[in-house]
Structures are given as structure tokens and as C-alpha cells.
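Topology and contacts: notes
The chain contents come next:
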Amino acid sequence: MQQSLRQQQIMALARSAERVLVDELVATFEVTPQTIRKDLNELCEAGLLARVHGGALLPSGVSNVGYEQRRNMASEEKRLIGQLCATQIPNNSSLFINIGTTTEAVAQALLGHQNLMIITNNLNVANILIQNSSFEVIIAGGVVRHTDRGVIGEATADFVKQFKLDYAVIGASALDEEGALLDFDYREVRVTQAILSNARERFLVTDKSKLERTAPVRVGHVSQLTGLFIDSLVRPKLAQVCAQHGVQVYKLS
């Protein structure tokens, strides 16, 4: 496509930050939201960006968006999703929590609980939960990934397999309309698969931007879940898949 000057500038901003937001672009270029959305749609149709709620990302089929960018994206939605998930986890229970910025929001929301036993491969989650002295926090051993302080690898998966807990709270990098849970790092995926296999109730927490993304490694399928926690389920086909497999969907709206 032949890009306008503004579209070229939008692409430069996207390459710098790995994502652009409609509201920020409106303020930067002093044009209407409709104009920016048209620009983004054209760039997405050309395969240069991938549309997500509120903006667009660089296409991320083989590598994830940086941790700080992910943490700042849909932060309010993640906070509310975390609170919603926490209401379904009772005191005096045991749970796995894996890597992800939304699972970290769940950890924050759990701080008001009592007497939880948590096994996690996420050092950020451990740092949050250790604030509650009634919690027993266990960190799964393995290789620490520098980018997001996640613990991954075969040793981590083997550690997880020693337990059978009440709940699993997991995140995923992408969720397609056919119900496939997808991620980027096969070493992380092996750990998540072990978590799913060793929990009685299995919760996926994600915001709807993950419905617009893709990733190369299959984690599993929504049929393995007990519950899906999401701000808005905007894919009717995915909603049908969840209903077909008896997966309870908890939505903010």
C-alpha cells in the first residue's frame, strides 16, 4: 500500500513502542478518532499492524510483546478480571498461578484471602502474594526468563507434576475462535500444560485483545477449562465452543 505521511509516522511510533493506541494518536495528530481508526484499519489490512481493542500492535506471530508494554495494555480491564476471578477462589484452598500480567492481577486481588497455598512459576506473582503472611507461597524451580521473571523449562514442569491442587489460574498469549489456547515459548507451554493436568478447577484469565492475536505454540483447548474470565467475549463462535463444552464464561460486560 502507499502510505500517507501520517500512516508512516504511525508505523514509526508502532516500531518504537510495539503498539499504538487510538486515543494517543488522536492527541498526537490532532485528528478525529474515526480518522485514526481508518488509518489503523488500512495498515492492518496491509498486514503491517494487528488490530486490538483500543489500538494496534506490530504483528506478533512468532514473538510476544515486551513485558512492560503488556503490563500497561488494558490494565484496568486486567484489574477487574483479576477481582472477578478472585471471587471464585475460596479461602483455605490451593492453586497454581502461571506467567502473565493478567494472572498477576489475580494475585493482587487475592491478597484479601486467608490461608491459601500457591504454587507459581512467576516471580512477580510470588512477590505480590508474599505480602499475606497466611499464604504459603511455593516457587517452582527452573530457568528464570529475564524478560518477565517467569520460571520455565522441563524442571519446572516436573516440579508441578508432583502436586494436585484445587485451582489453576493461567494466562495465554492468544485465544482463537475455535478455542485453541496459544503461546510463544514452548518451554512455558510445557509448564502450563502440566498445571492444567494437575488442577481440579482450571481458570483462564484474559482480556479480549488476546482474541485478536496469534501465537505459534498450542497450549491446549478451552474444553480443558472450568471457567473463562474475560472483559467481553466478542467472538460468537468462541462463545458457542465454550457453551458446547460446558465452560462457564465470566464477563465484565
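Residues numbered from 1 in each chain as written. Predicted model: local features only at pLDDT ≥ 70, side-chain atom pairs only at ≥ 80, totals over all residues. Heavy atoms only, no water.

When helix α10 (residues 236-244) is considered as a whole, its buried residues turn out to be Leu238, Val241 and Cys242. Taken down its axis, α10 places every buried residue within 100 degrees of arc, on the same side. Across from the buried face of α10, at angles greater than 90 degrees, the exposed residues are Pro236, Gln240, Ala243 and Gln244. Buried residues belonging to α10 abut β10 (174-175), β13 (217-221), β14 (227-230) and β15 (248-251). (Buried < 20%, exposed > 50% of the residue type's maximum accessible area, 1.4 Å probe, protein only. Helix = DSSP H or I, 4+ residues; strand = E, 2+ residues; numbered from the N terminus. Arc of directions from axis to C-beta. Contact = heavy atoms within 4.5 Å.)

Turning our attention to the pairing of β14. For a regular strand, side-chain orientation follows a simple rule: the groups alternate between the two sheet faces. Of the two faces of β14, both are covered, the one formed by Gly227 and Phe229 as well as the one formed by Leu228 and Ile230. Strand direction decides the pairing type here: β14 and β15, joined by 4 bridges, are parallel. Across the sheet, residue isoleucine 230 finds its bridge partner in β15, namely lysine 251. Traced from β14 through α10 to β15, the parallel crossover comes out right-handed. (Pairing = 2+ DSSP bridges. Right-handed = clockwise from strand over helix to strand, strands pointing away.)

Glancing now at the packing of helix α5 (residues 75-86) against helix α6 (residues 101-109). One can describe the packing of α5 onto α6 by two numbers: an axis separation of 7 Å at closest approach and a directional angle of 55 degrees. Regarding the angle of α5 to α6, the classification is oblique. Between α5 and α6 lies a crossing whose hand is right-handed. For the pair α5 and α6, contact is made by Lys78, Arg79, Ile81, Gly82, Gln83, Cys85 and Ala86 and by Thr101, Thr102, Ala105, Val106 and Ala109, respectively. Its residues assigned to classes, the contact of α5 with α6 comprises 6 nonpolar, 4 polar and 2 charged. (Axes fitted to C-alpha atoms, helices over the stretch in contact; angles between N-to-C directions. Parallel < 35°, antiparallel > 145°, perpendicular 65-115°, else oblique. Left-handed = near helix turned anticlockwise from the far one by under 90°. Nonpolar A, V, L, I, M, F, W, Y, C, P; charged D, E, K, R; others polar.)

Direction of pairing for strand β4 (residues 94-97) relative to strand β5 (residues 117-120): parallel, over a ladder of 4 bridges. Bridge pairing in β5 links leucine 95 to isoleucine 118. Since β4 and β5 lie parallel, the crossover through α6 that links them has a hand, and here it is right-handed. Bridge count for β5 against strand β6 (residues 136-139) is 4 bridges, and the pairing is parallel. Directly across from methionine 117, in β6, lies its bridge partner glutamate 136. Handedness of the β-α-β unit built from β5, helix α7 (residues 123-129) and β6 comes out right-handed.

Glancing now at the nonpolar core. Phe96, Ile170, Leu175, Leu181, Leu204, Leu225 and Leu228 are the most contacted members of the largest nonpolar core, which totals 30 residues. For this core, the element with the most residues is helix α9 (residues 186-197), which contributes 5 residues. (Core = buried A, V, L, I, M, F, W, Y, C linked by side-chain atoms within 4.5 Å.)

Looking now at the state of the cysteines. When the sulfur atoms of two cysteines share a covalent bond, that bond is a disulfide. Tallied over the entire structure, the rule returns 0 disulfides. No disulfide involves cysteine 85; its sulfur sits 15 Å from that of cysteine 242, the nearest cysteine. In this structure cysteine 85 comes out as buried when scored by relative accessible area, which is 0%. Residue classification places cysteine 242 among the buried positions, given a relative accessible area of 1%. (Disulfide = S-S within 2.5 Å.)

All right, on to the pattern of salt bridges then. Per the stated rule, a full pass over the model turns up 12 salt bridges. Among the ionic pairs, glutamate 42 bridges to lysine 38, the shortest N-O distance being 2.6 Å. With glutamate 42 and lysine 38 both in helix α3 (residues 33-45) and 4 residues apart, this pair spans about one turn of that helix. One salt bridge connects arginine 200 with aspartate 166, and the closest N-O pair in it is separated by 3.2 Å. With arginine 200 in strand β12 (residues 199-205) and aspartate 166 in strand β9 (residues 165-170), this residue pair connects regions lying 34 residues apart in the sequence. Looking at arginine 200, the relative accessible area reads 46%, which means it is partly exposed. A network of salt bridges, in which partner residues are shared, links Arg145, Asp148, Asp185, Arg187 and Glu188. (Salt bridge = Lys/Arg side-chain N within 4 Å of Asp/Glu carboxyl O.)

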